[in-house]
Amino acid sequence: MSAYEISLLSVIGINVILAVSLNMISGFCGQISLGHGAFYGAGAYAAALTMIASGSVVFALLSAIAVGALFGILVGFTSLRVHSDFLAVTTIGANFLFTGFVRKQGWLGGEMGISGIPESGFGAAGNMIMILLFACTTIALSVYISHSWMGFAFRAVGQDEDTAATVGINAGAYKLAAFGIGTALAGLAGGLYTFFTQFITADAFDFILSVMLMAMVVIGGIGSTPGVVVAAVVLTLLPEVIRFVNNYRLLVFGGLLVLFIRLAPGGLAGLTRKLATIAAKS
Amino acid sequence: MYYIDLAVTGLSFGCMYAVMAVGLTLVYGLLRILHIAHAAVFALGAYVTVIVANATGSVGLGFLAAIAVTPLFGMAVYRLLYEPLLRYRPDVPMIASVGLLVLMQDAFRIAFGEQGITFRHNIYAFTIFDISGVRFNAVQIAIVVCAIVVFVGLHIFTTRTRIGIGWRATVSQPKIAASFGIDAIRVRYLSFAVGSALAAVAGGLVGLLNNLVDPVIGSVVSYKALAIIVLGGLGSVRGTLMASLVLGMVEAYGTIFVGSWLNRDAIAFIALIALLMIRPQGFTGARAA
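Since the model is a prediction, treat every value here as computed from it, not as a measurement.

This part covers the pairing of strand β2 (residues 134–137) of chain B. All names here are of chain B. Here strand β1 (residues 128–131) runs beside β2; their pairing, made up of four bridges, is antiparallel. Along β2, the bridge assignment pairs Ile131 with Val134. Hairpin connection between β1 and β2: a loop of two residues separates the two successive antiparallel strands, and Ser132 in this loop has a positive phi of roughly 40°.

Structure below.
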């Protein structure tokens, strides 16, 4: 495998973890979050600092997960107070707050970021395998949660909090759980990213990334794990595939995004369902 | 004098945010869509202003052209993009809106270049007034005057004219308004037209103030405008004005006092989050989300 393919697969793996974890918060539990990049970034910075201090990959990844989840639960508390679009804007705020804070902190490298992070010791291919293993675990976890009692409770809270409360579901607790699990995984993705690049800056975790992750969830079909995985892979590859348009990449990308959502608002999952009903009828 | 200078900056930025955000508020009040592509309308207005102004030598003509073009664009966005998506979860039209913004920003870059365009004759940004040590330029005055005209005008329009009253009725009780013969679809077109024209004016003014119109002129303002309409109490014009002024002031003073550990955007958003936690329904809070 060429170095290019290895790095592409690594990025795909990281994006799959991010999109699937965001889908748990926004898809399963209905809590719109447009700040997923911040938790990813928090994990990456935690992993970088821990790795520099201790040199242990396991410690670095554990601290990435812990910091991501801690930050996520903190933001999750705001979801107990504000809903829907108010929550969307609050999470946008959390993202700008994170990047704005990091850029001004000397101990986090400021604008220059952190470079010279020690290697994981697995090599590029080893890192890729580690990333893909974690991506598969994340997908399995997502499917498991979706079929468990917790997934049922998440969907109940997402559809109608008050009704969920009448059947004895503690909406607040489940919202915090969704944020906790989703952001812990985002933190993990951040830790993996740190080992992948060995160099991090605040720019990698900005609001645009969060929007792109939300686009993966929407294009995949909100709440559908397989749909979101496919969308994450496709949206990561798309800029590479349309490289021949070179100077017009963003133009084409934006155009395709608009066109797809306009033609298939239910995402890939909705599209498959529609095709299945058509096939069943004929 | 330093603190008064900051107040001038805060006031002019606050007024600019207000003119920009009022269009978003109108759209949100009617359709409950976070219209992120409003930033593209803002940029389009700025580009039309600078191009026509440079071609004709008259900044006034530039603004008139922008006010003529952008409402058509805004209405087209509603008809072609949002209307078919209204049945879906609000994230769906929002992501479509983001896609449109990405597309437009890149279209501006390809058409007019990465560096952006400057005004050939921009006496306004360089006409500095000095009143006992407090300095401000003509564009800042224009922004404040513009905001006053817009908000007084909107107030008169929505309280004294038939169309305006119908508009408010449609926002608060769409079904009852429709049963009284108000055409909800026309109200939507009107909101997009008025909101887009105002965004265009705001865009032109920001272009004049910085003496530069570049492809990303709208992006940061747009995210802040989202924050402003939320803080103002979604759909409330008066709340939008209050929130814009508060944000302008917080930014101006915040960069001085906490600027060493947070940047300008982060200061704006931390104020927003703090205020939202205190008042989850925004300043006016008439309608719960």
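Let's shift gears to the interface of chain B and chain A. Counting from both sides, the interface comprises 47 residues of chain B and, opposite them, 45 residues of chain A. When chain B packs against chain A, close to 3900 Å² is buried across both sides, 77% of that on carbon and sulfur atoms. Of all residues in chain B, the largest losses of buried area upon contact with chain A belong to B:Ile95, B:Tyr223 and B:Met277, amounting jointly to 15% of the total for that side. One can count zero salt bridges joining chain B with chain A. Inspection of the region where chain B meets chain A yields four residue pairs in polar contact (both at pLDDT 80 or more).

Glancing now at helix α5 (residues 123–147) of chain A. Residue and element names in this part refer to chain A. Over its 25 residues, α5 runs 36 Å from end to end, which matches the ideal 36 Å to within 8%, given 1.5 Å per residue. For α5, the full list of buried residues reads Asn127, Met128, Met130, Ile131, Ala135, Thr138, Ser142, Ile145 and Ser146. Tucked inside the fold, the buried residues of α5 contact α1 (3–28), α3 (57–78), α6 (149–159), α8 (171–197) and α10 (225–241).

Here the focus is the packing of helix α2 (residues 38–56) of chain B against helix α4 (residues 91–112) of chain B. Residues and elements named next belong to chain B. For the pair α2 and α4, interaxial distance at closest approach is 9 Å and the crossing angle is 20°. Accordingly, the angle class assigned to the pair α2 and α4 is roughly parallel. Considering the relative orientation of α2 and α4, their crossing is left-handed. Contacts between α2 and α4 involve Ala39, Ala40, Ala43, Leu44, Tyr47 and Ile51 from the first element and Leu101, Met104, Phe108 and Phe112 from the second.

So, on to the environment of A:Ala184. All names here are of chain A. Within the secondary structure, Ala184 is located in helix α8. Assessed through its relative accessible area of 15%, Ala184 is described here as buried. Put simply, Ala184 and Met128 are 56 residues apart on the chain and 20 Å apart in space, counted from C-alpha to C-alpha. Not counting chain neighbours up to four residues away, the residues in contact with Ala184 comprise Ile65, Gly68, Ala69 and Phe179.

Taken as a whole, this structure holds 22 aromatic pairs over all chains when the rule is applied. Taken together, a centroid distance of 5.8 Å and an interplanar angle of 80° make the contact between A:Tyr193 and A:Phe205 edge-to-face. Taken together, the positions of A:Tyr193 in helix α8 and A:Phe205 in the loop between α8 and α9 (207–220) put the pair twelve residues apart, joining distant regions of the chain. Accessibility expressed as a relative area gives 17% for A:Tyr193, which makes it buried. One aromatic cluster in this structure is built from A:Phe39, A:Tyr40, A:Tyr45, A:Phe71, A:Phe98, A:Tyr193, A:Phe196 and A:Phe205. A cation over an aromatic ring shows up here: B:Arg264 above the ring of B:Phe13, its NZ or CZ 4.7 Å from the ring centre.

Thresholds, definitions, all that
Residues numbered from 1 in each chain as written. Chains lettered and ligands numbered in written order. Predicted model: local features only at pLDDT ≥ 70, side-chain atom pairs only at ≥ 80, totals over all residues. Heavy atoms only, no water. Pairing = 2+ DSSP bridges. Helix = DSSP H or I, 4+ residues; strand = E, 2+ residues; numbered from the N terminus. Contact = heavy atoms within 4.5 Å. Buried area = accessible area lost by both parts, 1.4 Å probe. Salt bridge = Lys/Arg side-chain N within 4 Å of Asp/Glu carboxyl O. Polar contact = N/O pair within 3.5 Å; in protein donor to acceptor, adjacent residues only side chain to side chain. Expected span 1.5 Å × (residues − 1). Buried < 20%, exposed > 50% of the residue type's maximum accessible area, 1.4 Å probe, protein only. Axes fitted to C-alpha atoms, helices over the stretch in contact; angles between N-to-C directions. Parallel < 35°, antiparallel > 145°, perpendicular 65-115°, else oblique. Left-handed = near helix turned anticlockwise from the far one by under 90°. Phe/Tyr/Trp six-rings, centres within 6.5 Å; stacked < 30°, edge-to-face > 60°. Lys NZ or Arg CZ within 6 Å of the ring centre and 35° of its normal.

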